[in-house]
Each structure stands twice: as C-alpha cells, then as structure tokens.
Amino acid sequence: MFFVFGPSGQMYRGGAENLASIAPVRRVQRPQALRTRSLDEQAQPEVLPQPGSSTVQPVNLRLQDAVSAYAQTEQGPTQARKPLTLVSDVMTQEALTVQPGALVNDAWQTLAEHHVAQAPVVDAQGRVVGLLLRADMAPLDLLPEPGAVKQAIDLARRPVSEVMVSPVPAVAADTELRRVAAVLLETGLPGLPVADEAGRLTGFISRTDILRAVAADPPLDLWSGPAVAL
C-alpha cells in the first residue's frame, strides 16, 4: 500500500501504478556508477613466498575475501533465514527526521552529522509532510563561486518547507519490496518514508537499505517469491 502526504495531510491511498498521476514527483538525478576499474587494475596479485625465501610478498586480500565468502555460501547458512520480502524486513525503524520550520543550513548540518543524504520531514505530530534531499540544499561551506555567495546564504536561511519534496510518496510497512523498488526507479528518489494511514512516520526505506540486505544475506532470498505485477 502506498500513500501521498503533503502539508494538508493524506492526498492518496492505493497502488503504485497511480502515484505519478495523483501527485507527480520530480525525478532526481540518479548517481552514476562508481568507477572501480582503476582500483582493480592497481590491485596486486597474490604471490606466495617460495620455500626458503625470506621475502614477504603482497597478498591480494580481495581474492581471499572472495574465496572465503564462496566457501561460506557452499557450506550453507548456520541458521534458517527469513525471506526478505516486505518493507518491514529491511527498513530503518528509527529514521532521522527534520522539521519543516528548520533552516536549510541547520538541516544540512544535521544530515551531515548522521551521514545521510535524505530525511523525512514531519510536523509537530510526527506526520509526514515531505522529504528533504541533501542535493536540494546549498551548504555555506561549499559555495559554487564568489558571485553566488549571496544566493547561497539566502538559500541556507530559508526554511526546509520551501526546498523539500512535497507532496511525497510514502509506503506501508507491509508492502512488498519489489513494489517499492519499482517506485524508486520510477521517481528517482533515494528512498521513501514508511508511514501508517494517518501519516505517522514509522521508518524509512532507502536504496541503501535494500542493497545492504541483499549483500549481507547470500544466497539471495529477496526475489524468491512468485512474480507479481508491479
């Protein structure tokens, strides 16, 4: 189940297929894939010392990690794993939030201190009213050029309510992960607030949460269920 919330409250309740038409959410620029080729090319191959040789050769730690992970996979899990199928299985329950009346510069500092790139915006009653993205804020310590100092300062002094994404889609905790992934791909958003029908925030699910769950639990259980229409 998906919702759309804004400052006036709930604006939509239903499936993912109608989100775009009910409350268009501007697409955000997707991050490009990290360039790791140069790092891989610089990695030294494993060279074991020959008998009688005192020279210590470099060891390829990546190769050792890969072999170890493969061996653990072959042995199978030590405990029965629960299939990861719902938002509640991977979401962050105690999500960082910001208030709509907070200053942009203060919100930037809060996100930077917690090492996150986005945060749900909630009102005094804890209800979702928007989503704040770090990319939409201009920190005072990262000015683009001298001629833009005044504009950057003005932006930093604006309230979060003027730069947040609103209305914003939200999702119920019992929603299937595949449906959330489809919405994230469609909107380009880095994550969605998790809320109940009243709009009260119960968590946050991001692309990072999904990828972390997949990477931490091989072999993959995420897509083990029957196919469903997105």
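See the structure above.
Fair warning: this is a prediction, and the values are worked out from it, not measured in the lab.

Participant: I'd like a description of the environment of Val 128, backed by residues and values.
Facilitator: Take Val 128: it is sitting in strand S4 (residues 128-133). Note on Val 128: relative accessible area 2%, which makes it buried. Aside from chain neighbours lying at most four places away, what touches Val 128 is Phe 5, Gly 6, Val 121, Val 122, Val 168, Pro 193, Ala 195, Gly 199 and Leu 201.

Participant: Can you break down the nonpolar core residue by residue, with the values?
Facilitator: Counting residues in each nonpolar core, the largest one holds 32 residues, and the members touching the most others are Phe 2, Val 87, Val 171, Val 180, Leu 192 and Ile 205. Apart from residues lying up to four places away in sequence, Val 171 is in contact with Met 1, Phe 2, Phe 3, Val 87, Val 180, Leu 192, Pro 193, Val 194, Ala 195 and Ile 205.

Participant: Give a detailed account of the pattern of salt bridges, specifying residues and quantitative values.
Facilitator: Taken as a whole and assessed by the stated rule, the structure comprises 6 salt bridges. The shortest N-O distance in the salt bridge between Arg 158 and Glu 162 comes to 2.9 Å. In this structure Arg 158 comes out as partly exposed when scored by relative accessible area, which is 31%. With a shortest N-O distance of 3.1 Å, Arg 200 and Asp 196 are connected by a salt bridge. What makes Arg 200 partly exposed here is its relative accessible area of 45%. Exposure remark for Asp 196: the relative accessible area of 24% places this residue in the partly exposed category.

Participant: Explain helix H7 (residues 177-187) to me, and be specific about the residues and the numbers.
Facilitator: Burial in H7 covers these residues: Leu 177, Val 180, Val 183, Leu 184 and Thr 187. Across the axial projection of H7, the buried residues extend over an arc of 120°, all falling on one side. Along H7, the residues that are exposed and aim more than 90 degrees away from the buried face are Leu 185 and Glu 186. Just downstream of H7 lies Gly 188, where phi reads positive at about 80°.

Each value, and the rule that gives it
Residues numbered from 1 in each chain as written. Predicted model: local features only at pLDDT ≥ 70, side-chain atom pairs only at ≥ 80, totals over all residues. Heavy atoms only, no water. Helix = DSSP H or I, 4+ residues; strand = E, 2+ residues; numbered from the N terminus. Buried < 20%, exposed > 50% of the residue type's maximum accessible area, 1.4 Å probe, protein only. Contact = heavy atoms within 4.5 Å. Core = buried A, V, L, I, M, F, W, Y, C linked by side-chain atoms within 4.5 Å. Salt bridge = Lys/Arg side-chain N within 4 Å of Asp/Glu carboxyl O. Arc of directions from axis to C-beta.

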